[in-house]
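Architecture and fold: a report
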Amino acid sequence: MLKIVNVVGARPNFMKVAPIHRRMAADPQFKPVLLHTGQHYDARMSHTFFVELEMPEPDLYLGVGSGTHAEQTAAVMVAVEKIFMQERPDWVLVVGDVNSTLAVSLVAAKLHIPVAHVESGLRSGDRTMPEEINRLLTDRISDLFFITEQSGWDHLLEEGTNPEKMHLVGNVMIDSLVEHLDKSRSSTIQQELGVQAHQYALMTLHRPSNVDQPQVLRRILSAVEILQKETPIVFPIHPRTRKMVSQFGLDPLIRSLDRLILAEPLGYLAFLRLMSEARYVITDSGGIQEETTYLNIPCLTLRENTERPITITLGSNRLVPLTVDAMVHYAREALAGRLKRKAIPPLWDGKAGRRVVDVFKKISGC
Ligand code: UD1
């Protein structure tokens, strides 16, 4: 029996681990252990997702919470080392690029516990992004690589990774989307927010590069001021962004925009419903670039680069320079129906979790 610790820490991890953990739990050849670092801890950033994704309560909860990068990473490392020394799993599985991903991988590697990294090989080429550091380092010390798109494969090869350990399996986050899309139609979020299907835009912002500098955040809001007059914009606001908006004295500006509809961070089903019926999405998230590509919803990504280039070459995603003119231009392109997807990326078919589990079976001979 394979004892695998599946690790979650922050909001985007839950929908990636859910399909893998469920499949392992249903298979007698696996003994999956669900470990939550507690990097995200607000009910709306964490618990809601467990309920909606029908994930069991975590077997192990570290409760590390927020802090600087060093504090958060170190807190996860100290806590998880004790657990791994007791549990001695056969594998540790981490997903994505958050601080918990790197912290857990580092501890496992030093205890000679093999690490499987789901969503490996993605590279933005931008080392000012904390996630890029987490991606690069996690891949250096991983033993098994699950890849979502061809660029991931290419980067890992360039970096000298053994191709026998690399598996292009598709996108586990899309597994969760495929599984829950129908169910999301029963969400009443549109009535609650007073918007109608296909008559609003949706925005999320949380990246330090967009929200931690007052002049940048102000510029984004200047574009939003223009755009919300044309199409109402729903804005579920991330805790980091809310904090920054207050710190920079931007609350009055935000409240003065009649058709900017503020909301607390939303659950998975409500967000999925809103995203799947939006005219366009403005975001700086990684996952939302992929989800909108699958859904064929125009996506304006407020970043200079993306580690998910397939969302641009095949998908409905565009990188939008941080000028008011550019943001307004691309939003109007979206409204005019000119940002369309060419195709759903290969293997984004709802079966990636199954492929991950099959690889584990094959390599362990069970
Ligand atoms: C983290 C990830 C990012 C991911 C994002 C999704 C890293 C480096 N960043 O960014 O890649 O896209 O999650 O949301 O791991 N906070 C709360 N409640 C919570 C969690 C956070 O209030 O449950 C607030 C705290 O003030 C905290 C701040 O948000 O200091 C930032 O949280 P943190 O986990 O450090 O990073 P995120 O910005 O959420």
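The rules behind these values
- Counting restarts for each chain: residues are numbered from 1 in the order of the written sequence.
- Residue-level local features of this predicted model are given only where pLDDT is at least 70; pairs of side-chain atoms are given and counted only at 80 or more, and the full residue set underlies all totals for whole chains, interfaces and linings.
- Only heavy atoms go into the side-chain values, all of them from the structure, while hydrogens and water stay out.
- If a single non-hydrogen atom of a residue is within 4 Å of a molecule or strand, that residue counts as near it.
- Identification of polar contacts relies on pairs of N or O atoms within 3.5 Å, with a donor-acceptor requirement for protein atoms, meaning one able to donate a hydrogen and the other able to accept it, and with residues adjacent in sequence counted only if both atoms are side-chain atoms.
- Working definition of accessibility: Shrake-Rupley area with a 1.4 Å probe, residue cover restricted to the visible protein chains.
- Secondary structure elements follow DSSP: runs of H or I no shorter than four residues count as helices, runs of E no shorter than two count as strands, and numbering proceeds from the N terminus.
- Residues are sorted three ways: Asp, Glu, Lys and Arg are charged, Ala, Val, Leu, Ile, Met, Phe, Trp, Tyr, Cys and Pro are nonpolar, and all the rest, Gly among them, are polar.
- Here, expected helix span is obtained from the residue count minus one, scaled by 1.5 Å.
- Buried residues are those whose accessible area, probed at 1.4 Å on protein chains only, stays under 20% of the maximum for their type, while exposed residues exceed 50% and partly exposed ones sit between those limits.
- Where a domain begins and ends is set by an automatic assignment or by a domain database.
- A simple way to read buried area is as the amount of 1.4 Å-probe accessible surface that goes missing from two parts once joined, with both sides added.
- Two strands pair if DSSP finds at least two bridges between them.
- Handedness of a crossover is defined as follows: with both strands directed away from the viewer, a clockwise route from the first strand across the helix to the second makes it right-handed.

1. Quick word on the site of the ligand
Surveying the vicinity of the ligand reveals 19 residues, the closest of which are Q39, H40, N99, E131 and H206. Between Q72 and the ligand, the recorded distance is 3.5 Å, taken from a side-chain N or O atom to an oxygen atom. Between the ligand and the protein, one listed contact pairs an oxygen atom with a side-chain N or O atom of K243 at 2.9 Å. Contact with the protein chains hides 89% of the accessible area of the ligand, taken as 740 Å² for the molecule alone. Put simply, the parts of the chain that give the shell around the ligand at least two residues each are α3 (69-87) and α11 (239-247). For the shell around the ligand, the element with the highest residue contribution is α11, accounting for three residues. Taken together, the residues of the shell around the ligand break down into six nonpolar, eight polar and five charged.

2. Some thoughts on helix α10 (residues 214-230)
Spanning 17 residues, α10 covers 25 Å between terminal C-alpha atoms, matching the ideal 24 Å at 1.5 Å per step. Of all the positions in α10, only V216, L217, I220, L221, A223, V224, L227 and Q228 are classed as buried.

3. Some points on the environment of I83
Assignment of secondary structure puts I83 in helix α3. Note: C-alpha distance between I83 and L35 (48 residues apart in sequence) is 9.8 Å.

4. Digging into the domain arrangement of the protein chain
Think of interface size as the accessible area that goes away when the parts come together; that is how it is often given. Domain assignment breaks the protein chain into domain 1 (2-170 + 348-364) and domain 2 (181-335). Here the C-alpha centre of domain 2 lies 27 Å away from the C-alpha centre of domain 1. Both sides of the domain 1 and domain 2 interface together cover about 1900 Å² of buried area, and 57% of this is carbon and sulfur. The largest per-residue losses of area from domain 1 upon contact with domain 2 belong to R44, E52 and W348, which jointly make up 30% of the total buried on that side.

5. Notes on the pairing of strand β5 (residues 115-118)
Judged by which residues are buried, β5 turns out to be covered on both faces: V115 and H117 on one side and A116 and V118 on the other are all buried. Two strands pair when backbone bridges link them, and strand β4 (residues 91-95) and β5 are joined in this way by four bridges, in the parallel orientation. Bridge assignment links V92 to a residue of β5, and that residue is V115. Taken together, β4, helix α4 (residues 99-110) and β5 form a β-α-β motif whose crossover is right-handed. Sheet topology places β5 next to strand β6 (residues 144-147); three bridges connect them, and they run parallel. Within β6, the residue paired with V118 across the bridge is F146. Read as a crossover between parallel neighbours, the route from β5 over helix α5 (residues 130-140) to β6 is right-handed.

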